[in-house]
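A look at the structure
Residue strings, one per chain:
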Amino acid sequence: MSEKAKVYFGSIQQGQDAIFAALAVKIDKIIELLDFSTIKKRDKVAIKMHLGFQDGHQTVPVFFVRRIVKAVKRVGGWPFITDNPTAVYNAVDRGYTQETCGCPIIPAAGVKDGYVHSVSVGYNNVDTLEMSGVIHDADALIDLTHAKGHACSGYGGAIKNLALGGYSAPSRWNKIHGVEHSIPYWDAKKCTPEHAQALVKACPYNALKYDAEKHKLSLLLYACRNQLCLECLEADKEVGCLEIKPEFFAAFQELMAITSKKVLDTFDENKRFFVNFILQVTPHCDCMGMIQPSVVADIGVLGSRNIVAIENATLDLIAKAGLIEQTIPPYFKHVNLDPNIDLHPFERLWGSMKNPYLVVGFAEQYGLGTRKYELVEVLPPEETGKMEPPKQVYERQPSFY
Ligand code: SF4
């Protein structure tokens, strides 16, 4: 039986209204427990973030990024933040600069997204991928992640941050997202052009596209709500040319486990750290470039040296918190809120074929870590609630620090 991995947890909840009971102090404590001492002096430390896109600013707050950067510097490492070139170039719009973060922000695959290392994958229709060269060059990795929903996999977390974020744009968008085309779902011979148009019309989420010239019906993974909807199957029941099947949805998650492993394999096991922020949990990914309502109450922050354990724990905490029904956007037309059906909040939004635990299971299967974890809460409210209250809370005169 494999050992449980430690996952450190700092709750947003605090035992009293005092700085020592609040999240910033808990993050410092989690970093201390993660023990950055395995980062050697002058190690180049890639802090892989998703820096958002356009108006999508609900990523890891710069306030916390700065603390993590400082902690890397304290052990002698040379940190830099990295993400795709577009996110880096306009990161300033969302508050991320060298001055605010405390370290350079470098495009993960160079200024033209072309500084890459080709890696062999061999999964379905994905032969090779172009891994971002700057991440490949780094000595240590901090996978600093905003936990949120994701249209393709239900959940986007630490695995997704590397699985897609660790590769250049053509690999991400054409190959990794293109894996859905490797699973057959439509029988062209059984389907007339008129029927194909009727199927497109039946879909309330525009998840079906028909190219009349090529007589090709495409099912779009990100848009499809699978079991929550199935209106296309109703329209297809007399013909039976279309299938909505679990393998179609699972392939993306399996590939994510494989591609994140490729990135992790370029780092020494002692130089990989994972930090997940479960704050502002939006239904979509940060790359949507828009402000979104939070659909789960803020939970806190997790830190671990085991990517599978931290992802499993993150999903468990989100499951425990549940959805905030009032903030679910109206464009989710088929949400399943039945309390008698055991579904993860992201399955309730995206459909259970986008089960967010799938990627965690695949990641364990491919040897990225263990799903078994011990949740170690730092400075829990029960503890901080009993501490000596602060003598002075308010600044009564300028203190300048
Ligand atoms: S299941 Fe629903 S969302 Fe998916 S393709 Fe069919 S109609 Fe569209």
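Just so we're clear, the structure is a prediction, and the values are computed from it rather than from any experiment.

Our next topic: the site of the ligand. Near the ligand, the surroundings consist of 14 residues, among which Cys203, Ala207, Cys224, Cys229 and Cys232 are the closest. Classifying every residue of the shell around the ligand gives 11 nonpolar, 1 polar and 2 charged.

So, on to the nonpolar core. Judged by nonpolar contacts, the single largest core of 114 residues is most densely connected at Val7, Ile68, Ile159, Ile307 and Ala363. For this core, the element with the most residues is helix α10 (residues 246–264), which contributes 10 residues. Formed jointly, this core draws a minimum of three residues from each of two domains, domain 1 (5–168 + 250–384) and domain 2 (184–244). With residues up to four places along the chain from it excluded, the contact list for Ile159 reads Met256, Ala257, Ser260, Ile307, Glu311, Val359 and Ala363.

So, on to the domain arrangement of the protein. Taken domain by domain, the protein holds domain 1 (5–168 + 250–384) and domain 2 (184–244). Of note, the centres of domain 1 and domain 2, computed from C-alpha atoms alone, are 34 Å apart. Each side of the interface is counted separately: domain 1 has 11 residues, and domain 2 has 8 residues.

The next point concerns unusual backbone geometry. Residues other than glycine seldom take positive phi values, yet Arg42 does so here, at roughly 75°. Summarising the element assignment, Arg42 is placed in the loop between α1 (23–34) and β2 (44–48). On the basis of neighbour count, Arg42 is assigned to the exposed category, with 9 C-beta atoms found within 10 Å. Despite not being glycine, His215 shows a phi value in the positive range, around 45°. In this structure, His215 sits in the loop between β10 (208–211) and β11 (216–219).

The next thing to look at is the packing of α10 against helix α13 (residues 357–365). Contact geometry of α10 with α13 gives a least axis separation of 8 Å together with a crossing angle of 45°. The orientation of α10 with respect to α13, classified from their angle, is oblique. Crossing handedness for the pair α10 and α13: right-handed. Mapping the contact onto sequence places Ala250, Gln253, Glu254, Met256 and Ala257 in α10 and Leu358, Val359, Phe362 and Ala363 in α13. By residue class, the composition of the contact of α10 with α13 is 7 nonpolar, 1 polar and 1 charged.

Time to look at α13. Within the sequence span of α13, burial applies to Leu358, Val359, Val360, Phe362, Ala363 and Glu364. Against the buried residues of α13 lie α6 (158–163), α10 and α11 (307–321). At the C-terminal side of α13, Gly367 shows a positive phi close to 85°.

A few words now on the sheet that holds strand β7 (residues 140–146). Ordered by their spatial adjacency, 8 strands build an open sheet running β4-β3-β2-β7-β12-β13-β1-β14, and the pairing between neighbours is mixed. Each of the sheet's edge strands pairs with one partner strand only, and the pair in question is β4 (105–107) and β14 (373–377). Across this sheet, the average inter-strand angle for adjacent strands is 25°, counted without regard to direction.

For α11, which comprises 15 residues, the first-to-last C-alpha distance of 21 Å matches the rise-based estimate of 21 Å (1.5 Å per residue) to within 8%. Across the 15 residues of α11, 11 count as buried, placing the element largely inside the fold. Looking one or two places after α11, you find Gly322, whose phi comes out positive at around 75°.

Within strand β6 (residues 126–132), 5 of the 7 residues are buried, leaving the element largely enclosed by the surrounding structure. Between strand β5 (residues 116–123) and β6, which follow one another and run antiparallel, lie 2 residues, and Asn124 among them has a positive phi close to 45°.

On to the packing of α1 against helix α2 (residues 62–74). Two elements in contact, α1 and α2, have axes whose closest approach is 11 Å; the angle formed by their N-to-C orientations is 30°. The orientation of α1 with respect to α2, classified from their angle, is roughly parallel. Regarding α1 and α2, the two cross each other, and that crossing is right-handed. Taking contact as the criterion, the partners of Ala24, Ile27, Asp28 and Ile31 in α1 are, on α2, Phe64, Arg67, Ile68 and Ala71. Of the residues belonging to the contact of α1 with α2, the class tally is 6 nonpolar, no polar and 2 charged.

Conventions adopted
Residue numbers here run from 1 along each chain, matching the order of that chain's written sequence. Confidence filtering applies because this is a predicted model: local features only for residues at pLDDT of at least 70, side-chain atom pairs given and counted only at 80 or more, and all residues used for totals across whole chains, interfaces and linings. Working rule for contacts: place C-beta from the backbone, and if it is within 6 Å of a molecule or strand, that residue counts as near it. Ten residue types, Ala, Val, Leu, Ile, Met, Phe, Trp, Tyr, Cys and Pro, are classed as nonpolar, four, Asp, Glu, Lys and Arg, as charged, and the remainder, Gly among them, as polar. By definition, a nonpolar core groups buried Ala, Val, Leu, Ile, Met, Phe, Trp, Tyr and Cys residues that are joined through C-beta atoms within 7 Å. Partly exposed residues are those whose C-beta has more than 12 but fewer than 20 other C-beta atoms within 10 Å; with 20 or more the residue is buried, with 12 or fewer it is exposed, and the C-beta atoms are placed from the backbone. Each helix is a run of DSSP H or I of at least 4 residues and each strand a run of E of at least 2, with the numbering of both proceeding from the N terminus. Domain delimitation follows an automatic or database domain assignment. A pair of residues counts as a contact when their C-beta atoms, built from backbone coordinates, are within 7 Å of each other. Note on method: axes are straight lines fitted to C-alpha atoms, helices fitted across the in-contact stretch only, with angles between N-to-C directions ranging 0 to 180 degrees. Working definition: roughly parallel below 35 degrees, roughly antiparallel above 145 degrees, roughly perpendicular at 65 to 115 degrees, and oblique for all remaining angles. Throughout, a crossing is termed right-handed when the near helix is turned clockwise from the far one, and left-handed when it is turned anticlockwise from it by less than a right angle. Two strands form a pair only when DSSP identifies at least two bridges running between them. An expected span of 1.5 Å times one less than the residue number is assigned to each helix.

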